[in-house]
Amino acid sequence: MPIRQLPETIVNRIAAGEVVERPASVVKELVENALDAGARRIEIVTAGGGLSLVRVTDDGAGIAADELPLAVARHCTSKIWADPGDIRTLGFRGEALPSIGSVARLRLRSRPADTEHGAEIAVEGGAVGPVRPAPGNRGTTVEVRDLFFATPARLKFAKSERAEATAITDVVRRLAVAFPHVRFSLNGADRSPLDLSPHAADGQEGWLARVADVLGADFAPNAVAVDAEREGVRLSGHVSIPAFHRANALQQHFLVNGRPVRDRLLAGALRGAYADLLPRDRHPLGALFVEIDGRDVDVNVHPAKADVRFRDPGLVRGLIVGAVREALARSGVRASSEATDGLAGAFRTQAPSAAKPARAGNGRPAGFDPATSPSRPLEPGFGEEASTGWRAAFEPAADLRADEAPIALDHAPLGAARAQVHGNYIVSQTEDALIIVDQHAAHERLVFEALKSALRARALPSQVLLLPEIVDLPEEDAERLAAHSETFRRLGLGFERFGPGAVMVRETPAMLGEIDASKLVRDLADALADGGDADLVEKKLDAVASSMACHGSVRAGRRLKPEEMNALLRQMEAVPGSGTCNHGRPTFIELKLADIERLFGRR
């Protein structure tokens, strides 16, 4: 068949298939245009999950009447840049409006600040209408109706109105995180309203306030600031403490030069920074902002502009892992406010039942025995035998000896031990709180960190294989492994090239015991090919150290002396990450004095 040029309408619909995947894509493109136009207030209205209506109104720079036809033509854009490899705006392709207009009924009305009257243009199924005068305030309004009416087959793949409305809300929230100084308003008959007030554009406080608007008010008291720079790449933002986490990664926001992105490298780096700090299948919260030279990042990977590629991915990953770990260590030992709220809630008295208990003839509840009542007063002679059960549950700490200095509560975040409860929980007192520590979980973390430090302080011992094992690999995998051979050797894994497409394994880490050397090497090769690094062996060793720590820690049920309890508290304060055990469970819960006083009606 002869080669033919596709009609413009077909070209636009092909582009629409890439740019306009669903109503949320329409909202994303239109809001990004508003932000590029310098808008400080953006209002979004939707109906039918965005399939019936999407209207975006902004107070930006506006579009002149004679430029409206260009605005709805492909590859026409106002975002001019000198270097196509250094993109600093959210939009730059000039494809959004013509793509939307090819599959929907689009109306664009705009008035620049320097004109008294506005103008509008309509596009319906790719057919562009004339420019007409129209009233309007400064800025631009884009109205999109009957999305995909020109491509009915696409409607078959649309999700429910609720699902589409939820996707739109997520898009607006992610863009709002990137622009805290802009007011975002999202309304419609198909949704609950969302109104995000503007905050200061400069400084961490404005960023944190907007992130808290999006992630919830409980994020700020459970967040730590991240601020680091390495080789011209700057990282800032906030992440949650290890004790504050969620069941999915939806509340993680990554921005590159102000652009919200969904990037596997960034998500993997954040996950790596929390290794051994979170329970399995739990995820941290946060918003991280990467500032990098535009020439060192490619945002032109896909028309949706949600993916990016870094020139030096190892640098970016290392910066995130190191900076987040340093921030968590710097924040010290902290308990989640959720745990505190849960503890306070558990103590709150329940409302009395409306049904009154049956009473005997003497007016006492039926079956009441004063001799066994838990509310009876202590009698003279209430001795060791009667108090055995009480002492088993609550063992008070012995008084400090006269030659021991008291612990300064204002300098001890975890306070001074006062008692041991049920043989596993240390009760301590700080200047303004009560703290309950799980002694086994806490000591498990301390032992684990000590083992990891020992592992990294020196080359690990290896075990020599009786017969070296030859592992056949693609040549490129063998080359990648050889490039990291010194790192692997330090971790106890010794191998060498054996021809163009194989390696010979001579030694494996002694700490791992008997392992399948071939499987280990192939897993390492796959990790390196997938953009990972040479830390897979280290992760396996950490897993062994975690198991050893669990078995080598202070067991539940062991009675501790006061000095042992206080020594454990001081070590927890000094070791980063001690707020959770190496399985991710919390090691302590804090109840503020103010919360205690509220429980007793003192506040």
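Residues numbered from 1 in each chain as written. Predicted model: local features only at pLDDT ≥ 70, side-chain atom pairs only at ≥ 80, totals over all residues. Heavy atoms only, no water.

Enquirer: Where do I start with the overall build of the chain in this structure?
Expert: A tally of helices and strands in the chain yields 18 helices and 24 strands. Taking all 603 residues of the chain together, 44% fall into the buried category. In the chain, the share of contacts with a sequence separation of at least 24, taken over all contacts with a separation of at least 6, comes to 69%. Put simply, the chain shows about 31100 Å² of open surface, and 53% of that area lies on carbon and sulfur atoms. (Helix = DSSP H or I, 4+ residues; strand = E, 2+ residues; numbered from the N terminus. Buried < 20%, exposed > 50% of the residue type's maximum accessible area, 1.4 Å probe, protein only. Contact = heavy atoms within 4.5 Å. Areas by Shrake-Rupley, 256 points an atom, 1.4 Å probe, with all protein chains shown as cover.)

Enquirer: How should the pattern of salt bridges be read in this particular structure?
Expert: Oppositely charged side chains can form a pair if their charged atoms are brought close together. Inspection of every chain in the model, using the stated rule, returns 29 salt bridges. The partner of Arg41 in a salt bridge is Glu43, and the shortest N-O contact between them spans 3.7 Å. Assessed through its relative accessible area of 36%, Glu43 is described here as partly exposed. The closest approach of N and O atoms between Arg191 and Asp190, which form a salt bridge, is 3.8 Å. Within this structure, Arg41, Glu43 and Asp59 form a network of salt bridges that share partners. (Salt bridge = Lys/Arg side-chain N within 4 Å of Asp/Glu carboxyl O.)

Enquirer: How should the environment of Ala478 be read in this particular structure?
Expert: Here Ala478 shows up in helix 13 (residues 475-483). Put simply, Ala478 and Glu496 are 18 residues apart on the chain and 9.4 Å apart in space, counted from C-alpha to C-alpha. The contact partners of Ala478, leaving out residues within four places of it in the chain, are Leu473, Arg497, Pro500, Ala502 and Val503.

Enquirer: Sorry if this is basic, but what is going on with the sheet that holds strand 13 (residues 259-261) here?
Expert: The strands making up a sheet are joined through hydrogen bonds of the backbone, oriented either antiparallel or parallel. An order of 10-11-14-12-13 is seen for the 5 strands of this open sheet, with the pairing classed as mixed. The strands lining the two open edges of the sheet, one partner per strand, are strand 10 (223-230) and strand 13. Ignoring which end each strand starts from, the neighbouring axes of this sheet average 20 degrees apart. In this structure, strand 12 (residues 252-256) lies alongside strand 14 (residues 286-291), joined through 5 bridges in parallel fashion. Looking at strand 14, one finds that Phe254 is bridged to Leu288. Packed onto the sheet, helix 7 (residues 204-215) meets strand 10, strand 11 (233-240), strand 12 and strand 14 and runs at close to 45 degrees relative to strand 11. (Pairing = 2+ DSSP bridges. Axes fitted to C-alpha atoms, helices over the stretch in contact; angles between N-to-C directions.)

Enquirer: So what exactly am I meant to see when it comes to unusual backbone geometry here?
Expert: Trans peptide bonds make up most of the peptide bonds, and negative phi angles are found at most residues other than glycine. In this structure, Asp146 takes a positive phi of about 50 degrees despite not being glycine. Inspection of the secondary structure puts Asp146 in the loop between strand 7 (139-145) and helix 5 (152-155). Positive phi values are uncommon outside glycine, yet Asn257 reaches one of about 50 degrees. With respect to the secondary-structure elements, Asn257 resides in the loop between strand 12 and strand 13. You can call Asn257 partly exposed: its relative accessible area is 24%.

Enquirer: Help me understand the pairing of strand 8 (residues 183-188) in this model?
Expert: The two faces of the sheet receive side chains in turn, since in a regular strand these alternate between them. When strand 1 (residues 41-47) meets strand 8, the two strands line up parallel, connected through 6 bridges. Considered in strand 8, the bridge of Glu43 is made with Ser185. The pairing of strand 8 with strand 9 (residues 194-196) spans 3 bridges and is classified as antiparallel. Among the inter-strand pairings, Ser185 is bridged to a residue of strand 9, identified as Asp195. From the end of strand 8 to the start of strand 9, which pair antiparallel, there are 5 residues.

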